[in-house]
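Now for the letters of each chain:
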Amino acid sequence: FPGEAEPHLKREMHNKGVAEDRLLLTDKFASAEHLSVKRAASILLDTLEYNAHVSGLDALWVGLPLLTLAGSNMARRCGASFLRTSKIPELLARTEEEYVAIGQRLASAGMHKGSKLRELRERVEKQRLEGELFDTFRWVKHLERLLGVMWEVAAASEGQGPMNIALSGYQGWAAQAHS
């Protein structure tokens with residue numbers, strides 16, 4: 001973690017009335033340790049300019065709720081895609097104000113039994129095992145099907161040039177985003 005950023009983060013936390021022990025700054029770890037550190041957190045607050053990407057997937061993998069705000073380009077929409085696919089839309093804020101409000105509400109909820117944050121964490125953990133985001137077998141089957149359709153269309157098109165191909169019956173994040 002860049003040492004020059006630490007005093008600025010601590011100052012901002014102090015100014016916002018957040019206890020200093022709520023911030024955990026670490027150096028790089030091996031993968032297993034990295035995931036353990038993530039598992040110890042309460043929530044991952046996604047960055048707004050450039051979403052979490054692999055860090056967000058790691059968080060969801062260990063059951064850590066990810067709070068994000070979808071932006072105007074691909075780098076700002078990864079977290080939103082993860083949450084839509086995981087069927088946890090209440091962690092996807094529509095505005096910066098809503099992002100802050102959700103974060104504050106969850107931070108103050110605590111992890112006690114029956115809290116909203118605990119319920120979200122349980123849903124995130126369940127989605128890892130039962131949802132589509134980490135279902136590699138399902139994803140590969142869809143990709144194989146799409147590649148087959150693309151081959152058939154290309155063979156039949158006799159050089160007509162580029163075209164859009166939609167995979168009927170696909171219910172992944174792209175279909176949800178456009179429905």
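Residues numbered from 1 in each chain as written. Predicted model: local features only at pLDDT ≥ 70, side-chain atom pairs only at ≥ 80, totals over all residues. Heavy atoms only, no water.

A.B. asks: In this structure, what is going on with helix α3 (residues 54-61)? I would like to understand it.
C.D. replies: Since there are 3.6 residues in each turn of an α-helix, residues three or four apart along the chain are aligned in direction. Those residues of α3 that fall on the buried side of the exposure criterion are G56, A59 and L60. Along α3, the residues classed as buried sweep out an arc of 95° about the axis, all on the same side. The secondary structure elements touched by the buried residues of α3 are α2 (31-40), β1 (44-45), β2 (66-69), α4 (78-85) and α6 (116-130). Of the residues trailing α3, G63 is marked for its positive phi of about 90°. (Buried < 20%, exposed > 50% of the residue type's maximum accessible area, 1.4 Å probe, protein only. Helix = DSSP H or I, 4+ residues; strand = E, 2+ residues; numbered from the N terminus. Arc of directions from axis to C-beta. Contact = heavy atoms within 4.5 Å.)

A.B. asks: So what exactly am I meant to see when it comes to the packing of aromatic side chains here?
C.D. replies: For any two aromatic rings, the description comes down to two numbers: the centre-to-centre distance and the angle of the planes. The full count for this structure, using the stated rule, is one aromatic pair. Arranged with centres 5.0 Å apart and planes meeting at 75°, the rings of W61 and F134 form a pair that is edge-to-face. On the criterion of sequence distance, the pair formed by W61 in helix α3 and F134 in the loop between α6 and α7 (136-157) is long-range, its members being 73 residues apart. Classification of W61 by relative accessible area gives partly exposed; the value is 37%. (Phe/Tyr/Trp six-rings, centres within 6.5 Å; stacked < 30°, edge-to-face > 60°.)

A.B. asks: Would you explain the confidence of the model for the chain in this entry?
C.D. replies: Close inspection of predicted coordinates is inappropriate in any region flagged by low pLDDT. Averaged over every residue, the pLDDT of the chain is 84; residues scoring 70 or more account for 92%. Counted against residues more than four places away or in other chains, residues 173-179, with its pLDDT under 50, gives nine contacts. (pLDDT = per-residue confidence, 0-100.)

A.B. asks: Just checking my understanding: could you explain the sheet that holds β2 for this structure?
C.D. replies: Pairing between the strands of a sheet comes from backbone hydrogen bonds, and it takes one of two forms, parallel or antiparallel. Ordered in space as β1-β2-β3, the three strands form an open sheet in which the pairing is parallel. Where the open sheet ends on each side, the last strands, each with one partner, are β1 and β3 (92-93). Examined bridge by bridge, β2 and β3 share two bridges and lie parallel to one another. The partner of T68 across the bridge, within β3, is L92. Seen against the sheet, α4 touches β2 and β3 and runs at an angle of roughly 125° to β2. The strands touched by helix α5 (residues 96-109) are β1, β2 and β3; relative to β2, the strand with the most contacts, the crossing angle is about 165°. (Pairing = 2+ DSSP bridges. Axes fitted to C-alpha atoms, helices over the stretch in contact; angles between N-to-C directions.)

A.B. asks: Whenever I open this one, the pairing of β2 confuses me. Can you help?
C.D. replies: If a strand is regular, its side chains alternate between the two faces of the sheet. Of the two faces of β2, the one lined by L66 and T68 and the one lined by L67 and L69 are each fully buried. Pairing of β1 with β2, which is carried by two bridges, proceeds in the parallel orientation. By the bridge assignment, L44 is partnered in β2 with L66. In this region the chain leaves β2, passes through α4 and returns to the parallel neighbour β3; the handedness of that crossover is right-handed. (Right-handed = clockwise from strand over helix to strand, strands pointing away.)

A.B. asks: Help me understand the environment of E20, please; the structure alone is not making it clear to me.
C.D. replies: Structurally, the position occupied by E20 is in the loop between α1 (6-15) and α2. C-alpha separation for the pair E20 and L9, spaced 11 residues apart in sequence, amounts to 9.5 Å. Excluding residues within four positions of it along the chain, E20 makes contact with K10 and M13. Here K10 takes part through its side chain, which lies 3.5 Å from a polar atom of the side chain of E20. (Polar contact = N/O pair within 3.5 Å; in protein donor to acceptor, adjacent residues only side chain to side chain.)

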